[in-house]
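Examining the three-dimensional arrangement
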Amino acid sequence: MDIIKLHLCGFAIGFVLDLIVGDPHWFKFHPVRIMGALIGALDKFFLGEKKDVGHKADLDGRVDLRQFMQGLFTMALVTVLSILVPAGILYLCYEADHYLFIAAEAVLTCMCLSTASLIRETSPVKKALLKDDIYAAANSLSRVVGRDTDRLSEAGIIRAVIETLAENLSDGIISPVIYLAIFGPCGGMAFKAISTGDSMIGYKNARYFSFGRAAAKADDVLNCIPARISAALIIISAFFIKGLSAGDALRTYRKDHGKTESPNAGCPESAMAGALTLTLGGPAYYGGRLQDRPMLGDFTRQPEIRDVSLSQKAVVVSSVICAALACLIIWCFCI
């Protein structure tokens, strides 16, 4: 069987597997866990024990070249290993049996995606809000966002959930789908390595400003196109989901997607804000410090719990559309 057809089968099965059972984070030897452990070990080796340095520090913008090279080496090593290990597994499976190759690619693909996991991890916040339990909602939210949640009102919690759904649609689903479709599990795992590095060391604080710069910049580059595709998919999905506005999604994206400090986060978040006709963003506390974030959208209505459900539907529909298009493109190479 042609290798591209095998790739198509493995990719499609892996995507469906993720939709059904989700990414098995509980697996002790999950690739992302291993990546995180290696990054953490190199972080400790180069920089010493971690100290509480907050989310962001007032710095003069100068990069420590030595720490930058150490961070670059860390990410290069983790990324190369993330390519070589799945490549070896797939090669051995291909030589042994084509169906074993499909199964291996399906499992590796599933491990790169997080559609079901994202819905599952944000649902407890919604359930707690439905019970009017703000404390439980804030506690559940703290597991999926980086901001401080203890000061948030119900409206603030809902906005935070929607923002993380929109941003993780790009980072955790659309980007991996694109790199998996083009480069197979090796590309998907390489992206996950850089994404994991960015989430661990890609902060602009005193510890990681130089050391994590390579991870942060690489993540920005790799997410540049997928973030804009994510916004387009949200706009398209709004046509199929009752309660969402495709027109407002497009208008808000065009007006506000460039407002955020991150070059990519504003794309899916602004599109989601417009689709829901809801204003997102605004000031938030990180590590006890108030950060002034831009407002995305110019709507006046207050967020409702149903907005979380609508956002979750938009995430699922967007991911399915993206995967379907990816399968179609791969299939065209089979003809």
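The structure contained in this document is the topic of the report that follows. This structure is a prediction, so every number in the text was calculated from the model and none was measured.

Bringing the nonpolar core into the picture now. Phe 11, Ile 157, Val 177, Leu 244, Met 272 and Val 315 are the most contacted members of the largest nonpolar core, which has 77 residues in total. At 18 residues, helix α7 (residues 154-201) tops the list of elements feeding residues into this core. Those residues in contact with Val 315, other than ones at most four positions away along the chain, are Leu 118, Ile 119, Leu 165, Leu 169, Ile 173 and Met 272.

For the rest of this paragraph, the subject is the packing of helix α2 (residues 31-47) against α7. At their nearest, the axes of α2 and α7 sit 10 Å apart, and the two run at 45° to each other. Classed by the angle they form, the pair α2 and α7 counts as oblique. Crossing handedness for the pair α2 and α7: right-handed. In this structure, α2 uses Pro 31, Val 32, Met 35, Gly 36, Ile 39, Gly 40 and Asp 43 to contact α7, whose residues at the interface are Met 189, Lys 192, Ala 193, Thr 196, Gly 197, Met 200 and Ile 201. Its residues assigned to classes, the contact of α2 with α7 comprises eight nonpolar, four polar and two charged.

All right, on to the packing of helix α1 (residues 3-21) against helix α4 (residues 98-112) then. Think of two packed helices as two axes; the pair is described by the angle between the axes and how far apart they sit. At a closest axis distance of 7 Å, the pairing of α1 and α4 adopts a crossing angle of 45°. Classified by the interaxial angle, the pair formed by α1 and α4 is oblique. In the packing of α1 onto α4, the handedness of the crossing is right-handed. Two secondary-structure elements touch here, α1 through Ile 3, Leu 6, His 7, Cys 9, Gly 10, Phe 11, Ile 13, Gly 14, Phe 15, Leu 17 and Asp 18 and α4 through His 98, Phe 101, Ile 102, Glu 105, Ala 106, Thr 109 and Cys 110. Of the residues belonging to the contact of α1 with α4, the class tally is 11 nonpolar, five polar and two charged.

Throughout the structure, instances matching the rule amount to six aromatic pairs. Taking 6.2 Å as the distance between ring centres and 55° as the angle between the ring planes, the aromatic pair formed by Phe 46 and Phe 211 counts as tilted. With Phe 46 in helix α2 and Phe 211 in the loop between α7 and α8 (213-237), this residue pair connects regions lying 165 residues apart in the sequence. Ring plane angle 20° and centroid distance 5.6 Å describe the contact between Tyr 179 and Phe 191, whose orientation is recorded as stacked. A residue is classified by how much of its surface remains accessible, and Tyr 179, at 14% relative accessible area, is buried. Looking at Phe 191, the relative accessible area reads 2%, which means it is buried. Pairwise contacts between aromatic rings join Phe 45, Phe 46, Phe 73, Tyr 208 and Phe 211 into one cluster.

It is worth spelling out a nonpolar patch on the surface at this point. On the surface, a nonpolar cluster with roughly 590 Å² of combined accessible area is contributed by Val 16, Leu 17, Leu 19, Ile 20, Val 21, Val 107, Val 316 and Val 320. Elements supplying a minimum of two residues to the nonpolar patch: α1 and α11 (305-332). Per-element accounting of the nonpolar patch gives the leading share, five residues, to α1. Tracing the backbone through its elements, the reader meets Leu 19 in helix α1.

Quick look at the environment of Thr 115 now. Along the chain, the position of Thr 115 falls in helix α5 (residues 115-130). Put simply, Thr 115 and His 30 are 85 residues apart on the chain and 17 Å apart in space, counted from C-alpha to C-alpha. Filtering out sequence-adjacent residues up to four positions away, Thr 115 remains in contact with Phe 15, Asp 18, Leu 19, Ile 173, Val 316 and Ser 319.

A word on the pattern of salt bridges. For the structure shown, the criterion picks out 13 salt bridges. In this structure, Glu 163 engages Arg 147 in a salt bridge whose closest nitrogen and oxygen atoms are separated by 2.6 Å. Here the residue Glu 163 occupies a position in helix α7, and Arg 147 occupies one in the loop between α6 (134-141) and α7, the gap between them amounting to 16 residues. Residue classification places Glu 163 among the buried residues on the basis of a relative accessible area of 2%. Exposure remark for Arg 147: the relative accessible area of 11% places this residue in the buried category.

Reading guide: rules and limits
Residues numbered from 1 in each chain as written. Predicted model: local features only at pLDDT ≥ 70, side-chain atom pairs only at ≥ 80, totals over all residues. Heavy atoms only, no water. Core = buried A, V, L, I, M, F, W, Y, C linked by side-chain atoms within 4.5 Å. Buried < 20%, exposed > 50% of the residue type's maximum accessible area, 1.4 Å probe, protein only. Helix = DSSP H or I, 4+ residues; strand = E, 2+ residues; numbered from the N terminus. Contact = heavy atoms within 4.5 Å. Axes fitted to C-alpha atoms, helices over the stretch in contact; angles between N-to-C directions. Parallel < 35°, antiparallel > 145°, perpendicular 65-115°, else oblique. Left-handed = near helix turned anticlockwise from the far one by under 90°. Nonpolar A, V, L, I, M, F, W, Y, C, P; charged D, E, K, R; others polar. Phe/Tyr/Trp six-rings, centres within 6.5 Å; stacked < 30°, edge-to-face > 60°. Patch = residues over 30% accessible without salt bridge, like charges linked within 9 Å, V, L, I, M, F, W, Y side chains within 5 Å. Areas by Shrake-Rupley, 256 points an atom, 1.4 Å probe, with all protein chains shown as cover. Salt bridge = Lys/Arg side-chain N within 4 Å of Asp/Glu carboxyl O.

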